[in-house]
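Each chain is listed here by its residues.
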Amino acid sequence: SGGIYSQFSTGVQIYNNYIHCDMGARETGHIFLDGDGNGAAGSWTGALVFNNLLSETGTNHPSNGLFIAYLNGPSGNAPTTSVYNNVFAFSSNTGGRCFMLDAANKVNLKNNVFVNCGVALYLPDQAATLLTSDHNSFYGNTGVASDIHLSGLALTLAQWQTLSAAAYRTGLDLNSVATDPHLSAGYAPQTGSPLIGAGANLSSLGVTALNSDKAGVPRLTVWDIGACQTNPPSAPQPPSGLSVTVH
């Protein structure tokens with residue numbers, strides 16, 4: 001079960017959702033992207049997941065915030081799934097995994113917030129690999145990454161950066177942060193938050209809805225990490241239409 005379930009979707013975009021209710025003890029994930037179960041994934045042409053707030057407010061933790069499974073196409077011809085500017089925030093790190101990847105090998109993770117997860121990133125299968133992961137925020141999680149490709153559990157961001165360099169031939173999350181994100185009750189970064197200005201500018205992707213946050217606030221040149229953008233106030237405009245009278 002899950003809040004949003006998608007199977008064999010073509011170019012699906014899942015964005016601007018707030019999923020937080022208690023769906024029972026056996027919920028697979030708040031968002032579940034599912035292939036056909038044997039890795040063929042013939043009808044998948046990629047998915048884009050962004051600007052979502054995924055949390056839990058009941059006594060039952062979801063098994064996963066976002067679960068991506070069986071999206072590997074034949075001969076490695078898998079679609080690309082991109083996960084950008086989401087907030088995964090559980091109330092206790094005794095809960096489930098923020099993000100689980102199983103038999104899906106072309107996934108991008110950027111500008112996401114992972115707070116109070118049992119494990120932020122869970123990759124238990126040899127066929128599960130990341131294309132990119134960077135400009136994310138990890139805080140209060142029991143572990144940052146449990147990845148079968150690593151030599152051990154990455155409890156901290158620094159360990160994940162080091163171990164991923166050995167496993168993937170390039171370090172992941174080198175521009176990510178691991179300090180208190182200072183989120184408001186609505187999951188927006190407050191004054192002094194390390195999320196402000198620390199995101200990757202993804203406007204070159206040409207996804208119109210991604211160029212604004214969940215509330216419609218435009219993301220300009222400097223992007224924040226997470227689903228909520230905090231722009232500096234605009235400079236006041238000089239007055240116009242003035243006249244001077246000399247006595």
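Reading guide: rules and limits
- Residues numbered from 1 in each chain as written.
- Predicted model: local features only at pLDDT ≥ 70, side-chain atom pairs only at ≥ 80, totals over all residues.
- Heavy atoms only, no water.
- Core = buried A, V, L, I, M, F, W, Y, C linked by side-chain atoms within 4.5 Å.
- Buried < 20%, exposed > 50% of the residue type's maximum accessible area, 1.4 Å probe, protein only.
- Helix = DSSP H or I, 4+ residues; strand = E, 2+ residues; numbered from the N terminus.
- Pairing = 2+ DSSP bridges.
- Axes fitted to C-alpha atoms, helices over the stretch in contact; angles between N-to-C directions.
- Lys, Arg positive; Asp, Glu negative; His and termini not counted.
- Salt bridge = Lys/Arg side-chain N within 4 Å of Asp/Glu carboxyl O.
- Polar contact = N/O pair within 3.5 Å; in protein donor to acceptor, adjacent residues only side chain to side chain.
- Contact = heavy atoms within 4.5 Å.
- Disulfide = S-S within 2.5 Å.

Of all hydrophobic cores here, the largest spans 36 residues; its most connected members are L66, F99, L101, L121, L130 and W160. Tallying contributions element by element places helix α1 (residues 157-168) first for this core, with four residues.

Moving on, we get to the sheet that holds strand β8 (residues 81-84). Pairing within the open sheet is parallel, and its five strands lie in the order β2-β5-β8-β11-β14. Lying at the two open borders of the sheet, with one neighbouring strand each, are β2 (12-15) and β14 (130-134). On average, each strand axis in the sheet is tilted by 5° relative to the strand beside it, whichever way the strands run. Strand direction decides the pairing type here: β8 and strand β11 (residues 107-110), joined by four bridges, are parallel. Pairing of Y84 across the sheet is with K110, part of β11.

Let us look at the side chain of D173. Mapped onto the elements of the fold, D173 is located in the segment after α1. The side chain of D173 is buried and forms no salt bridge, while K110, the nearest opposite charge, is found at 10 Å. At 2.8 Å, the side chain of D173 forms a polar contact with the side chain of N136. Here D173 is in contact with L121, S133, D134, H135, N136, F138, L157, W160 and Q161, once residues within four sequence places are set aside.

Structurally, A165 is set in helix α1. Note: C-alpha distance between A165 and L150 (15 residues apart in sequence) is 9.4 Å. Setting aside its immediate chain neighbours within four residues, A165 contacts T170 and G171.

So, on to unusual backbone geometry. Look at N111: it is not a glycine, yet its phi comes out positive at around 65°. In this structure, N111 sits in the loop between β11 and β12 (113-115). A positive phi angle is found at H182, which is not glycine, with a value near 50°. Looking at where H182 falls in the secondary structure, it is placed in the segment after α1.

Now for the state of the cysteines. This model, assessed by the stated rule, comprises one disulfide. With a sulfur-sulfur separation of 1.5 Å, C98 is cross-linked through a disulfide to C117. With a gap of 19 residues between them, C98 in strand β10 (residues 97-102) and C117 in the loop between β12 and β13 (119-123) connect regions that are remote in the sequence. Residue C98 shares its accessibility class with C117, and that shared class is buried.

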